[in-house]
Amino acid sequence: MRSFVWGWCVALTLLVAGPAQAQREVANAPDPWVHAATGAKLPVSVAGFQRTRVSEYSDDGRDASASYILRREGGFVSVTLYIYPAAAGLTCVQTFADGQAQIVRRGGVRLIREARDLPPSGRGTPVAHYARYAIPAGTMGEGIPALTSDLYLHCPAGSGFLVKYRASGTEGFEFGPDVTRLIRSIAWPAALAD
């Protein structure tokens, strides 16, 4: 069972990451791994989650992600947390819409809800973008069960960076509070926190 779960998580991480990008896994990433451009500290273990990989999508490491998994009786959730530079000329709304388009391009995906959410610190005004989707079994690949998948994007003013996560878990496994706890437990630098 453990190898099935691990294989499923690896496949899911690759499928939800979006369009193909040049990426390299950071071998033996330290604890915590520190995003050099922002100072965000992403530990190996946080809020019950275990980090499974750190990836960099740019040579300078400014575009990077850390993947986490949480297993509990009744299901599991895989979260990929991205920190990357804002694209020139794109608003936060346009960037979020692009993320949504990558999810719904697969047939049968259904939007459950869309809302504004708090920034990573959990303080202040709901300025981050959030959406939850139902993904039918087999949509993300053969053998992958029905999923619930969340997309979150925070565009902190003046930082030049974005914080995004994709969280996907087995259908019926309510992972929202767990993912919120994960995000709130990260040591965010002030520029990204609010």
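As the structure is a computational prediction, the values presented were derived from the model and not from experiment.

A.B. asks: Account for the packing of aromatic side chains, naming residues and giving values.
C.D. replies: Per the counting criterion, the structure on display carries two aromatic pairs. Geometrically, the ring pair formed by Tyr57 and Tyr82 is tilted, given 6.3 Å between the ring centres and 35 degrees between the ring planes. With Tyr57 in the loop between β5 (49-56) and β6 (64-72) and Tyr82 in strand β7 (residues 75-85), this pair connects stretches of sequence that are 25 residues apart. In this structure, Lys164 is placed above the aromatic ring of Tyr82, and the distance from its NZ or CZ to the ring centre is 5.0 Å.

A.B. asks: Provide a residue-level description of the environment of Thr80, including the pertinent values.
C.D. replies: Tracing the backbone shows Thr80 in strand β7. Along the primary structure Thr80 and Lys164 are separated by 84 residues, whereas in three dimensions their C-alpha atoms are 8.3 Å apart. For Thr80, the side chain forms a polar contact with the side chain of Ser67, separated by 3.2 Å.

A.B. asks: Explain the state of the cysteines to me, and be specific about the residues and the numbers.
C.D. replies: As enumerated under the stated definition, the model contains one disulfide in all. Disulfide pairing is shown between Cys92 and Cys155; the S-S distance is 1.9 Å. Linking Cys92 and Cys155, the disulfide has an S-S dihedral of approximately 80 degrees and is accordingly described as right-handed. Of this pair, Cys92 sits in helix α2 (residues 92-104) while Cys155 sits in the loop between β10 (147-154) and β11 (161-170), placing them 63 residues apart in sequence.

A.B. asks: Please provide a residue-by-residue account of unusual backbone geometry, values included.
C.D. replies: Cis geometry marks the peptide bond from Asp31 to Pro32; its omega dihedral reads -5 degrees. Its identity is not glycine, yet Asn28 carries a phi of approximately 50 degrees, on the positive side. Tracing the sequence through the fold places Asn28 in the loop between β1 (24-25) and β2 (33-34). Positive phi is not limited to glycine here, since Ala47 has a value of about 55 degrees. Summarising the element assignment, Ala47 is placed in the loop between β4 (45-46) and β5. For Ala47, a relative accessible area of 24% puts it in the partly exposed group.

A.B. asks: How would you summarise the nonpolar core if you had to cite specific residues and measurements?
C.D. replies: Core analysis: the largest hydrophobic core is formed by 32 residues, its most contacted members being Val77, Tyr165, Val179 and Trp188. Discounting residues that sit within four places of it in the chain, Trp188 has contacts with Ala40, Leu81, Ile83, Pro120, Val163, Ile183 and Ala193.

A.B. asks: Summarise α2; cite the residues concerned and give the values.
C.D. replies: In this model, α2 (13 residues) spans 19 Å end to end at C-alpha, consistent with the 18 Å of a helix rising 1.5 Å per residue. Considered for burial, the residues of α2 that qualify are Thr95, Phe96, Gly99, Gln100, Gln102 and Ile103. Down the axis of α2, the buried set is contained in an arc of 155 degrees. They therefore lie on one face. Where α2 is buried, its residues contact β7, β8 (110-117), β9 (128-135), β10 and β11.

A.B. asks: Quick rundown of the environment of Arg184? Include the residues and the values.
C.D. replies: Considering the arrangement of structural elements, one finds Arg184 in helix α3 (residues 176-185). With 138 residues separating them along the chain, Arg184 and Val46 place their C-alpha atoms 10.0 Å apart. Only 3.4 Å separates the side chain of Arg184 from the backbone oxygen of Pro119, close enough to count as a polar contact.

A.B. asks: Got a sec to walk through the pattern of salt bridges? Specific residues and values, please.
C.D. replies: With the rule as written, the count across this model stands at eight salt bridges. Salt-bridge contacts for Arg24 lead to Glu56; the nearest nitrogen and oxygen are separated by 2.4 Å. Separated by 32 residues along the polypeptide, Arg24 in strand β1 and Glu56 in strand β5 bring together distant segments of the chain. According to the relative accessible area criterion, Glu56 is buried, its value standing at 10%. Within this structure, Arg72, Asp178 and Arg181 form a network of salt bridges that share partners.

What counts as what
Residues numbered from 1 in each chain as written. Predicted model: local features only at pLDDT ≥ 70, side-chain atom pairs only at ≥ 80, totals over all residues. Heavy atoms only, no water. Phe/Tyr/Trp six-rings, centres within 6.5 Å; stacked < 30°, edge-to-face > 60°. Helix = DSSP H or I, 4+ residues; strand = E, 2+ residues; numbered from the N terminus. Lys NZ or Arg CZ within 6 Å of the ring centre and 35° of its normal. Polar contact = N/O pair within 3.5 Å; in protein donor to acceptor, adjacent residues only side chain to side chain. Disulfide = S-S within 2.5 Å. Buried < 20%, exposed > 50% of the residue type's maximum accessible area, 1.4 Å probe, protein only. Core = buried A, V, L, I, M, F, W, Y, C linked by side-chain atoms within 4.5 Å. Contact = heavy atoms within 4.5 Å. Expected span 1.5 Å × (residues − 1). Arc of directions from axis to C-beta. Salt bridge = Lys/Arg side-chain N within 4 Å of Asp/Glu carboxyl O.

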